[in-house]
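If you want the building blocks of each chain, they are given just below.
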Amino acid sequence: MADILYTYKNSVYANITNKCNCSCTFCIRSQKDGLGSADNLWHEKNPTKDEVLDAIRNYDFSGFDELVFCGYGEPTCALDTLLAAAKLAKEEKGLKTRLNTNGLGNEENGRNIVPELSEVIDSVSISLNAPDAKKYQEVSRPKYDNGFDKMVDFAGKCKDQVKEVKWSIVDVLSEEDIEKCKKLSFNTGIELRIRHFS
Ligand code: SF4
């Protein structure tokens, strides 16, 4: 049985679904089955909302002040569970909540989900992955057309409503592409975090 909650570095992570609407060329899921304290993050069957809520209720968060939604899948593909779990984490456990996302949740759910997210998520980290639509399509391989524009639009909506919003890229990008990402970050006013590839 796959872990719903696991620790990695200094945070607790919630692995609420294996469903995803991208097929990123670098996805860690194609390299290993687990991460941090979890040997296996592949669910035999995606957990129900109640299973996720029970896992959070019963977890000892001593020493941790944040729950990060980021599993072997895209959390906004299980929006109902994500919203309920984040609400519980805040209200019953007194935790901060962070969502790591590919930024395609509006497309996935057929509506603007940012107002709902903003009620229970303190911080959103969006995978930018590439500096333009063509490269984004090649690297992220989303199910949707115009994925880059949709992700950028989502990021802008988050900036208006969520306390903390960041884009993230990994430093495997070329210098030129990193500069373009920095420019996009500057032009949109959304902070860019450059993670070291590990
Ligand atoms: S969005 Fe995340 S889970 Fe989905 S394929 Fe890309 S890296 Fe993997």
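Scope of this entry: the structure provided in the associated data block. Worth saying up front: this structure is predicted, and the values here are computed from it rather than measured. Each chain has its residues counted from 1, following the order in which its sequence is written. Local features in this predicted model are restricted to residues whose pLDDT is 70 or higher, and side-chain atom pairs enter the listing and the counts only when it is 80 or higher, whereas totals over whole chains, interfaces and linings include all residues. Side-chain figures throughout are based on the complete set of non-hydrogen atoms in the structure, without hydrogens or water.

## Remarks on unusual backbone geometry
Next, step 1: Positive phi is not limited to glycine here, since Asn-129 has a value of about 65°.
Next, step 2: Residues other than glycine seldom take positive phi values, yet Arg-141 does so here, at roughly 45°.
Next, step 3: Secondary-structure assignment places Arg-141 in the loop between helix 5 (133–140) and helix 6 (147–161).
Next, step 4: With relative accessibility at 43%, the residue Arg-141 sits in the partly exposed group. Numbering goes from the N terminus for both helices and strands, where a helix is a DSSP run of H or I of at least four residues and a strand is a run of E of at least two. The classification of residues rests on relative accessible area computed with a 1.4 Å probe and restricted to protein chains. Under 20% of the type maximum is buried, over 50% is exposed, and intermediate values are partly exposed.

## As for the site of the ligand
Next, step 1: Close to the ligand lie Cys-20, Cys-22, Ser-23, Cys-24, Cys-27, Arg-29, Gly-73 and Asn-102, which account for all nearby residues.
Next, step 2: Only Asp, Glu, Lys and Arg are considered charged in this grouping, and only Ala, Val, Leu, Ile, Met, Phe, Trp, Tyr, Cys and Pro are considered nonpolar; every other residue, Gly among them, is considered polar. Split into classes, the residues belonging to the shell around the ligand amount to 4 nonpolar, 3 polar and 1 charged. What makes a residue near a molecule or strand is one non-hydrogen atom of that residue sitting within 4 Å of it.

## Quick notes on the pattern of salt bridges
Next, step 1: When a carboxyl oxygen of Asp or Glu is within 4 Å of a side-chain nitrogen of Lys or Arg, the pair counts as a salt bridge. Throughout the structure, instances matching the rule amount to 17 salt bridges.
Next, step 2: The partner of Asp-65 in a salt bridge is Lys-96, with the nearest N and O atoms 3.8 Å apart. In this pair, Asp-65 is assigned in the loop between helix 1 (49–57) and strand 3 (66–69) and Lys-96 in strand 4 (residues 96–101), connecting sequence segments 31 residues apart.
Next, step 3: Judged by relative accessible area, which is 48%, Asp-65 ranks as partly exposed.
Next, step 4: Residue class for Lys-96 comes out partly exposed when judged on its relative accessible area of 43%.

## Section: the environment of Gln-137
Next, step 1: Mapped onto the elements, Gln-137 comes out in helix 5.
Next, step 2: Counting along the chain gives 127 residues from Gln-137 to Asn-10, while the straight-line C-alpha distance between them is 32 Å.
Next, step 3: Aside from chain neighbours lying at most four places away, what touches Gln-137 is Pro-142, Tyr-144, Asn-146 and Gly-147.
Next, step 4: Under this definition, polar contacts are N or O atom pairs within 3.5 Å; protein pairs additionally need one hydrogen-donor-capable and one acceptor-capable atom, and for neighbouring residues in sequence, both atoms have to be side-chain atoms. A distance of 3.5 Å separates a polar side-chain atom of Gln-137 from the backbone oxygen of Tyr-144. The contact rule is simple, with two residues in contact once any of their heavy atoms fall within 4.5 Å.

## Examining the nonpolar core
Next, step 1: By nonpolar core we mean a set of buried residues, namely Ala, Val, Leu, Ile, Met, Phe, Trp, Tyr and Cys, connected to one another through side-chain atoms within 4.5 Å. Residues Leu-67, Phe-69, Leu-117, Ile-121, Leu-128 and Trp-167 are the most contacted members of the largest nonpolar core, which totals 50 residues.
Next, step 2: Ala-38, Leu-41, Val-68 and Tyr-72 belong to the second-largest nonpolar core, a separate cluster that totals 7 residues.

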